[in-house]
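Each chain is listed here by its residues.
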Amino acid sequence: MTSGMTRKLSMLGRRDLLRAAGLGTAATLLPSLRRAEAASGIPTRFVVFYTQHGTLPEPWKPTGPGGVGAASETSFDLGELHQPLASFKKDLILLSGLDMRSWADGPQVACGHVNGQVASLTNFDAISKGNAGGPSIDQYIAAGLKKQNGGVSPTKLPSMNLAAAGDGYFGQAAFFSGPGALVPIESSPTRAYQRLFPNGTSPSTTGPSLDALAAARRRSAAMDVAMGEFAAVENLLGKAEKTKLEAHAAAIKDLQTRLSKAPGGGGTSCMAPTAPAAKVGFRDGGDAMIRMIQAGFACDLTRVASLWMGSTPNADCGYSPGMLGTTDLHDLVHKVDGDMRSNPTAVGVIKKFHIAYSQVFAQLLTALKAIPESDGSTMLDHTVILWAGEIAQGGHGCANLKWMLAGSAGGYFKTGRYLNWGDYNRGEYGPDRNGPSNGDLFSSLANAMGVPTTTYGSNGRSTGPIAKLRG
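Parameters at a glance
Residues numbered from 1 in each chain as written. Predicted model: local features only at pLDDT ≥ 70, side-chain atom pairs only at ≥ 80, totals over all residues. Heavy atoms only, no water. Helix = DSSP H or I, 4+ residues; strand = E, 2+ residues; numbered from the N terminus. Buried < 20%, exposed > 50% of the residue type's maximum accessible area, 1.4 Å probe, protein only. Contact = heavy atoms within 4.5 Å. Areas by Shrake-Rupley, 256 points an atom, 1.4 Å probe, with all protein chains shown as cover. Phe/Tyr/Trp six-rings, centres within 6.5 Å; stacked < 30°, edge-to-face > 60°. Lys NZ or Arg CZ within 6 Å of the ring centre and 35° of its normal. Core = buried A, V, L, I, M, F, W, Y, C linked by side-chain atoms within 4.5 Å. Pairing = 2+ DSSP bridges. Axes fitted to C-alpha atoms, helices over the stretch in contact; angles between N-to-C directions. Salt bridge = Lys/Arg side-chain N within 4 Å of Asp/Glu carboxyl O.

Draft legend 1. Inspection of the overall build of the protein chain at higher detail. The secondary structure content of the protein chain amounts to 15 helices and eleven strands. By the burial criterion, 56% of the 471 residues in the protein chain qualify as buried. Residue pairs in contact within the protein chain that sit at least 24 positions apart in sequence constitute 73% of those at least 6 positions apart. When the accessible surface of the protein chain is summed, it comes to about 17900 Å², and 55% of that surface belongs to carbon and sulfur atoms.

Draft legend 2. Spotlight on the packing of aromatic side chains. Using the criterion set out here, one finds 14 aromatic pairs in the structure. Between the aromatic rings of Phe 282 and Tyr 357, the centroid separation amounts to 5.8 Å while the plane-to-plane angle is 50°, which identifies the pairing as tilted. Of this pair, Phe 282 sits in helix α11 (residues 282–298) while Tyr 357 sits in helix α14 (residues 344–369), and the two are 75 residues apart along the sequence. Across this residue pair, the class does not change: Phe 282 and Tyr 357 are buried. Summarising the aromatic geometry, the rings of Tyr 412 and Phe 413 are spaced 5.1 Å apart at their centres and angled 90° between planes, so their arrangement reads as edge-to-face. Three or more aromatic residues link up through ring pairs in this structure, and these residues are Phe 124, Tyr 140, Phe 442 and Tyr 456. One cation-aromatic arrangement involves Lys 89 over Phe 76; the distance from NZ or CZ to the ring centre is 5.1 Å.

Draft legend 3. Examining the nonpolar core more closely. Residues Phe 361 and Ile 385 are the most contacted members of the largest nonpolar core, which totals 62 residues. With 14 residues, the single largest contributor to this core is α14. Filtering out sequence-adjacent residues up to four positions away, Ile 385 remains in contact with Val 47, Phe 49, Phe 361, Leu 364, Leu 365, Leu 368, Leu 380, Met 404, Leu 405 and Ala 406. In this structure, Leu 145, Ala 174, Cys 398 and Phe 413 belong to the second largest nonpolar core, which totals 43 residues.

Draft legend 4. Broad picture of the sheet that holds strand β5 (residues 160–164). Here seven strands make up an open sheet; going across it, the order is β5-β8-β1-β9-β10-β2-β11 and the pairing mixed. At either margin of the open sheet sits one strand with a lone partner, and together these are β5 and β11 (417–420). Mean inter-strand twist for the sheet, computed between neighbouring axes without regard to direction, equals 15°. Bridging between strand β9 (residues 383–389) and strand β10 (residues 399–406) involves three bridges; their strand directions are antiparallel. Bridge pairing links Ile 385 to Ala 406 in β10. Strands in contact with α14 are β1 (45–51), β2 (92–99), β8 (304–309), β9 and β10; relative to β9, the strand with the most contacts, it is inclined by about 165°.

Draft legend 5. Structural view of the environment of Ala 370. Counting through the fold element by element, Ala 370 comes out in the loop between α14 and β9. Sequence separation between Ala 370 and Leu 380 is ten residues; the distance between their C-alpha atoms is 8.3 Å.

Draft legend 6. The pattern of salt bridges, seen in detail. Inspection of the entire model under this criterion finds 13 salt bridges. The salt bridge involving Asp 91 is made with Lys 90; its shortest N-O contact spans 3.5 Å. Relative accessible area serves as the criterion here: at 5%, Asp 91 is assigned to the buried category. For Lys 90, a relative accessible area of 54% puts it in the exposed group.

Draft legend 7. Up close: the pairing of β1. Counting buried positions over the seven residues of β1 gives seven, a clear majority of the element. Along β1, one buried face is formed by Arg 45, Val 47, Phe 49 and Thr 51 and the opposite face, lined by Phe 46, Val 48 and Tyr 50, is buried too. Two strands pair when backbone bridges link them, and β1 and β9 are joined in this way by seven bridges, in the parallel orientation. Each bridged residue has a counterpart across the sheet, and for Tyr 50 the counterpart in β9 is Ala 388.

By themselves, these figures tell us nothing about what the structure is for.
This is the structure:
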């Protein structure tokens, strides 16, 4: 770097120096750095982590400290299914006894899974098979942020809806922008990456290249140059600012490396495949999509995301077709909620089924916690993640939902707690339904994201935000 460049940079103020981090094409990677220094403050983000077949109620429940006695609101150890999340206990709110009212009280137009998908994230009654009567909470929040910003989304992408496949991959009718308006879910990491960073598209003799990795490498090179220049004037950079810049650069480079190895990623050729990239599996697909969410949030390209996880693969559970007289893993999930609930082998397989989801959820929290914010916290602290699904447990029950929140949405929610409204009737409906509805939870989430909301869902299905979530 020339002495002239050094003198030029040394005359810049801290905010101008941060703006200089966007030299050339690298500028598109760092808008959140500039936002963090602006008066608007650090943005709050929202994620839906969506899994299949509910859960196993007993191993889901927390225990007393050391596994002794009953858990209380603030004194508990995570249950068997959530051991992969042990290091994040203080970031969690476990919710037991929520009630999916639009599933039970609305029209039953299909099987439990489809009805549950329609109701789970909307709390609106179904208007036909696979179609909800209103928006899912992710799209409602994205639309609310747009409305508050003068009708223009505050980010490049209002939302990212992603998926990672698995064995027994179900339909994806859970996300809606309005009545009957199903939102498509992207299962190709390459196409998801192109939505985030489309500047890599360029004409060629064989037609337009759909691979963004070449441009990503150019951005990385520009980032490297900028970091080298910062080293010469690091006395002008605050520790938090420098740490955040390095973390952003590392996240993007890691994402590029992983995608270049993924099916359809382009590899060293940087050319698109002749056909759309194939769906990737449960583990590598989940990892790739988590990196997309991390990059999308770090670069402030979106503030709303979802990750639909397909059914845990047979190999991860130790299941083989025909095992224990079942036709497939889906069949075993149902039977463990019925006449096989006391069969230790069957229960052991389904425990592994749900633990696999916890492992991926832990990856998501780890990725968000790896990005520091300008106030000394992490991206996880300024995010709220809802872990939800289409039913309460394998027998298609939809009451006594056992869901989870992670992250405090910038301090809006009080984390490190277990909120229990009852363990009635194994997820079936009875006279002792006393938990808040999923719509009440959605009202709280919308308010946490700065979208004022009183009730959420079909008429009579919600009474308002859950005050207890705030402590």
